[in-house]
Amino acid sequence: MSYDHIYVIPDQGKMKGGKLYDKYTNLAYFADVTGLEDKTQTGVDLEVNVTSYTRGRFMRDPAPSTIPAQTRNVSMGIRQAKGAIPGYTITLDDGTERRQFQYTGGMSGLYAWLKTAATQNVDLYGPTGTPYDPIPAAAGQASTLKITK
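Residue numbers restart at each chain and count upward from 1, following the sequence in its written direction. This being a predicted model, a pLDDT of at least 70 is required before a residue's local features are given, and a value of 80 or more before pairs of side-chain atoms are given or counted; all residues contribute to the totals for chains, interfaces and linings. As a convention, hydrogens and water are excluded, and side-chain values are obtained from all of the structure's heavy atoms.

## Topic: the confidence of the model for the protein
The predictor attaches a confidence to each residue, called pLDDT, with possible values from 0 through 100. Mean pLDDT over the protein stands at 87; residues scoring 70 or higher make up 89%. Contacts from residues 144-149, a stretch scored under 50 in pLDDT, to residues over four places away or in other chains number 6 contacts. Whether two residues are in contact is decided by their heavy atoms: any pair within 4.5 Å suffices.

## Considerations on the packing of aromatic side chains
The geometry of two aromatic rings is summed up by the distance between their centres and the angle between their planes. Centres within 6.5 Å are what make two rings of Phe, Tyr or Trp a pair, Trp counting through its six-membered ring; a difference in plane orientation under 30 degrees is then read as stacked, over 60 as edge-to-face, and the rest as tilted. Applying the stated rule across the entire model yields 4 aromatic pairs. Ring centres of Phe30 and Phe101 lie 6.5 Å apart, and the angle between their planes is 85 degrees; this geometry places the pair in the edge-to-face category. Residue Phe30 is found in helix α1 (residues 27-30), and its partner Phe101 is found in strand β9 (residues 98-103); the two are separated by 71 residues along the sequence. Given the relative accessible area of 0%, Phe30 is considered buried. For Phe101, a relative accessible area of 2% translates into the label buried. A connected cluster of aromatic rings, assembled from ring pairs, spans Tyr29, Phe30 and Phe101. Put simply, a charge is over a ring when the Lys NZ or the Arg CZ is close to the ring centre, within 6 Å, and near the line of the ring normal, within 35 degrees. Its guanidinium or amino end placed over the ring of Tyr125, Arg98 lies 5.1 Å from that ring's centre, counting from NZ or CZ. In this text, helices come from DSSP runs of H or I with a minimum length of four residues, and strands from runs of E with a minimum of two, each type numbered from the N-terminal end. In this scheme, a residue with accessible area under 20% of its type's maximum is buried, one over 50% is exposed, and one in between is partly exposed, where area comes from a 1.4 Å probe on protein chains only.

## Remarks on the environment of Ile9
Topologically, Ile9 is positioned in strand β1 (residues 5-9). Between the alpha carbons of Ile9 and Leu20 there is a distance of 6.9 Å; along the sequence they are 11 residues apart. Aside from chain neighbours lying at most four places away, what touches Ile9 is Gly17, Gly18, Leu20, Leu36, Tyr103, Leu110 and Trp113.

## Some remarks on the pairing of β9
Paired strands are those between which DSSP finds at least two bridges. Where strand β2 (residues 18-22) lies against β9, 2 bridges are found, and the strand directions are antiparallel. Within β9, the residue paired with Tyr21 across the bridge is Gln102. With 6 bridges connecting them, strand β8 (residues 88-93) and β9 associate as antiparallel partners. Of the residues in β9, the one forming a bridge with Ile90 is Phe101. Between β8 and β9, which pair antiparallel one after the other, the connecting turn spans 4 residues, and Gly95 there sits at a positive phi close to 95 degrees.

## Quick word on the pattern of salt bridges
Think of a salt bridge as a Lys or Arg side-chain nitrogen and an Asp or Glu carboxyl oxygen that are within 4 Å of each other. Enumeration over the complete set of coordinates arrives at 4 salt bridges. Of the charged contacts in the structure, one is a salt bridge between Lys39 and Glu37, with a shortest N-O distance of 3.7 Å. Residue classification places Lys39 among the partly exposed positions, given a relative accessible area of 32%. On the accessibility criterion, Glu37 (40% relative accessible area) is partly exposed. Here Arg57 makes a salt bridge to Asp61, at a shortest N to O gap of 3.4 Å. Using a relative accessible area of 66% as the deciding quantity, one classes Arg57 as exposed.

Given below as C-alpha cells:
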C-alpha cells in the first residue's frame, strides 16, 4: 500500500511524537505541515564498501572461491510499507471533512502538536472513537467558521 506522505510528528516536551501515515495528502487540509519531516522524501544514494569473503558452490565445498572486495551503489530509505501499516487509526474532523490516518506515537503528543499547527477548528478521535477536547485553529492560522443549526 503506497502512502503519499509519512510525516514525523516531533516530540512535544515529554509527550512522545510518532509517524503519521497520510495516504491521500489530507493532513495538509487540517494542519500546517511545512515544518514536518516527510519520510517518503528522504531517500539517499550511498556507496557501500563490501569486504572480501569466501563462498562455496555447495555445502562443505573443499575448494571455496574468494569474492574480492568491491563497492556497491545502494539507495536507502525508499521502501514503501507493504501489508499492514504500523500504529493505530486516528480520525480528524472539522465538521465538513472527516479523514482517518495511521499513527504510531502517543495521542497526547499528537494533540499538543495539533494545538500549535491546526489551520482550522478540528475534532480528534482516538483509536476506539474516543473524542478529545476540540482543537481551535492555532494563532496566526486561517480558521473556518462552523455554522450549526
